[in-house]
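# Geometric and topological summary
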Amino acid sequence: MSTREDQLLRTVATLADSLVDDFDVVDVLQLLVEECATIFDATAAGILLRSPTGQLEVIVSTSERSELIGLMQLRAGEGPCVEAVESGRVVSVRDLKHVQDRWPKFAADARRSGFAALHAIPMRLRDAVIGSLNLFRDRVGELNGIDAAAAKTLADIATISILQQRLIDESLIAQGQLQRALDSRVIIEQAKGYISQSRSLDMDSAFQLIRAYARTNQSRLSEVASDIVSGKLAL
Amino acid sequence: MDAALPGDDRHAFSDALSRLAAAGPGDDLCAAFVGAAGVSGAAISTLGRPLGSQTVCASNSLGARIDEIQIDLGEGPCWEALRTRLPVLESDIQREGSGLRWPGAGEALRALDIGGLFAFPLFVGDLSVGSVDLYTHEPGSLSQGAVEDVTVLAAVASRHILRRALDLLEDTEEGMDDGPYSRREVHQASGMVAAQLAIAPDDAMLVLRGRAFSSGRSVGAIAADVVARRLTFTR
């Protein structure tokens, strides 16, 4: 195994570790872009990320140069990094001198940046595109297939990390709420069984009876169910 | 004699990670673990609070049975792994002295045609999700690398399962889903027995488990008999 593969595997391992422990999103992404610039045939790397409120922003980059180019694309509203996010597809520019037709507003800024080529990978999980991982190069040419595939894997891992961390941060995952909601499903099944036995009904009829009672009394189904199995309520 | 299993294939790990990342709500998660660890089969179950004890997927009926035994008895390597937040690795379940910490489950598991049994906890921060159980036909151990890989995959799977549970919370005024491993009938049976014996449903569950244990049948089978009115409990 080559040294480069070692580095790649170490990066995968470090990123993967972030999935297991609590981590700071920005720290992990900074690590990712720095590793990308080291491992891949890239001079610099930057990540565009949609904030939870929906705005695209340059969240991390390895150098001011790649930061600027990301920013410029945001101001212009067009360019490979932005297009990768909006289309959900890889945008590979082998020569930044020849983008005038495709992205006229971006073209001049691209030339001034001094980068020669750019490989933009969408950060996506199924239908959710949350940003792009962008590799900037000093030489003209496409990123080789192996590096492209490996970079995509890193982007995928980072995407999962961010999405899941956001999921955890949202108070939706208040454990109590989850617990209560899942408990109520169990209690509703228990109540069906209880009524099925006490009223000699099949499960569907038992459920209908419970639901009708809840509606008539404008009570929550789960509360009625709970009262039935605790003996507080006899239907 | 312990032989190291082929758990060091980086492509298999990368592939498994991608598969878990791309998994949709109804997709099987077990195949990724089987592929990455090079084992004979796997089963994933949610255990205890808050998600409730239920098998989520199994790569084959043997895997499903391994988890059913432990859910029915409320003990076993999967429970220990979840409680300690550490993998429980038994290279030879048939060996004299294996499984002393869970005698009931140990005996039932030994009756199955399995050699190695490896349980990994599924959790997200403080929130317990369940476990993933891997087994091999022949005795053997997982390499340290494989243990690390499965730990990472388990973290991804934990978040996936949690997310799926949260997505199902849309409407809490419903009972449980009826998948291939659903414990819905078990809860209905608990309700019926609660009415039959005028006891709380949790106590009724103990009655069902006691009958299952003494008759050498699964709790699911006893519950089916209760719901079909082939079996009634009287004071």
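An account of the accompanying structure is given in this report. None of the values given here were measured: they were computed from a predicted structure. (Residues numbered from 1 in each chain as written. Chains lettered and ligands numbered in written order. Predicted model: local features only at pLDDT ≥ 70, side-chain atom pairs only at ≥ 80, totals over all residues.)

### Examining the overall build of chain A
Selection rule: Elements are defined by DSSP. Helices are runs of H or I of four residues or more, strands are runs of E of two residues or more, and each kind is numbered from the N terminus. The burial label depends on the number of other C-beta atoms within 10 Å of a residue's C-beta. Counts of 20 or more mean buried, 12 or fewer mean exposed, and intermediate counts mean partly exposed, with C-beta atoms placed from the backbone. Each residue is represented by a C-beta atom placed from its backbone, and any two residues with such atoms within 7 Å are regarded as in contact.
When helices and strands are counted, chain A shows nine helices and five strands. Order of helices (α) and strands (β) in chain A, N terminus to C terminus: α-α-β-β-α-α-β-α-β-β-α-α-α-α. Burial status across chain A gives 43% buried among its 235 residues. In chain A, the proportion of contacts linking residues at least 24 apart, taken out of those at least 6 apart, comes to 56%.

### A short note on the overall build of chain B
Of the regular secondary structure elements, chain B holds nine helices and five strands. Each helix (α) and strand (β) of chain B, taken in turn from the N terminus, gives the series α-α-β-β-α-α-β-α-β-β-α-α-α-α.

### Notes on the interface of chain B and chain A
With 39 residues of chain B at the contact, the number on the chain A side is 38 residues. Secondary-structure elements contributing two or more residues to the side of chain B that touches chain A are α1 (10–22), α6 (144–167) and α7 (184–197) of chain B. The element that contributes the greatest number of residues to the side of chain B that touches chain A is α7(B), accounting for ten residues.

### Structural notes on helix α3 (residues 64–76) of chain A
Residue and element names in this part refer to chain A. Where we set the bar: A helix is expected to span 1.5 Å multiplied by its residue count minus one. Throughout, the arc means the angular range of directions from the helix axis out to the C-beta atoms.
In this model α3 runs 18 Å from its N-terminal to its C-terminal C-alpha over 13 residues, within 8% of the 18 Å that 1.5 Å per residue would give. All of the buried residues in α3 are S66, I69, G70, M72 and Q73. Seen along its axis, α3 keeps its buried residues to an arc of 160°; they face one direction. Turned more than 90 degrees away from the buried face of α3, the exposed residues are E64 and R75. Remark: G77 follows α3 within two positions and exhibits a positive phi of approximately 75°.

### Section: the pairing of strand β4 (residues 117–125) of chain A
Taken residue by residue, a regular strand's side chains alternate between the two faces of the sheet. All names here are of chain A. Note the threshold: Strand pairing follows a simple DSSP-based rule, namely that at least 2 bridges must link the two strands.
With eight of nine residues buried, β4 lies mostly within the body of the structure. With three bridges joining them, strand β3 (residues 91–93) and β4 adopt antiparallel strand pairing. The partner of V93 across the bridge, within β4, is L118. As judged from the nine bridges shared by β4 and strand β5 (residues 128–137), these two strands associate in the antiparallel manner. Across the sheet, the residue bridging to P122 is S132, located in β5. Taking the residues that link successive antiparallel strands as the turn, the β4-β5 hairpin has two residues, and the phi of R126 there is positive, at about 55°.

### Digging into the sheet that holds β5(A)
All names here are of chain A. Applicable threshold: Where helices are involved, their axes are fitted lines through C-alpha atoms of the stretch in contact, as for all axes, and angles between N-to-C directions lie from 0 to 180°.
Taken together, five strands build an open sheet; the order of strands is β2-β1-β5-β4-β3 and the sheet is antiparallel. For this open sheet the edge positions go to β2 (56–61) and β3, each flanked by a neighbour on one side alone. Pairwise comparison of adjacent strand axes, ignoring direction, gives a mean angle of 20° for this sheet.

### Some details on the sheet that holds strand β1 (residues 41–46) of chain B
Residue and element names in this part refer to chain B. The strand order across the open sheet formed by five strands is β2-β1-β5-β4-β3, and the pairing between neighbours is antiparallel. For this open sheet the edge positions go to β2 (54–58) and β3 (88–90), each flanked by a neighbour on one side alone. Taking the axes of each pair of neighbouring strands and ignoring which way they run, one obtains an average angle of 20° across the sheet. Both β1 and strand β5 (residues 127–136) contribute to a ladder of six bridges, which runs antiparallel. Residue pairing for β5: S45 is matched across the bridge by S131. Where helix α4 (residues 77–84) meets the sheet, it contacts β1, β3, β4 (116–124) and β5, and its direction lies at approximately 40° from that of β4. The sheet contacts of α6 involve β1, β2, β4 and β5, and relative to β4 the element is tilted by about 50°.

### Side note on the packing of α1(B) against α6(B)
Residue and element names in this part refer to chain B. Note the threshold: Should an angle fall under 35 degrees it is taken as roughly parallel, and over 145 as roughly antiparallel, whereas 65 to 115 is taken as roughly perpendicular and any remaining angle as oblique. Each residue gets one label: Ala, Val, Leu, Ile, Met, Phe, Trp, Tyr, Cys and Pro are nonpolar, Asp, Glu, Lys and Arg are charged, and the others, such as Gly, are polar.
Look at α1 against α6: their axes get within 10 Å of each other, and the N-to-C directions meet at 5°. Classified by the interaxial angle, the pair formed by α1 and α6 is roughly parallel. For the pair formed by α1 and α6, the contact residues are F13, A16, L17, L20 and A21 on the first element and D149, L153, V156, A157 and H160 on the second. Of the residues in the contact of α1 with α6, the class split is eight nonpolar, one polar and one charged.

### What about helix α3 (residues 61–73) of chain B?
The α-helix advances 3.6 residues per turn, and as a result positions three or four apart in sequence lie on the same side. All names here are of chain B. Look at α3: 18 Å from first C-alpha to last across 13 residues, which is about the 18 Å you get at 1.5 Å a residue. Listed as buried for α3 are G63, I66, D67, E68, I69, Q70, I71, D72 and L73. In the segment just after α3, G74 is the residue with positive phi, at about 70°.

### As for unusual backbone geometry
Residue and element names in this part refer to chain B. In this model, R49 is joined to P50 through a cis peptide bond whose omega is 0°. The phi angle at R85 is positive, at roughly 60°, despite the residue not being glycine. R85 sits in the exposed class, given 11 other C-beta atoms within 10 Å. Phi at A198 takes a positive value of approximately 55°, unusual for a residue other than glycine.

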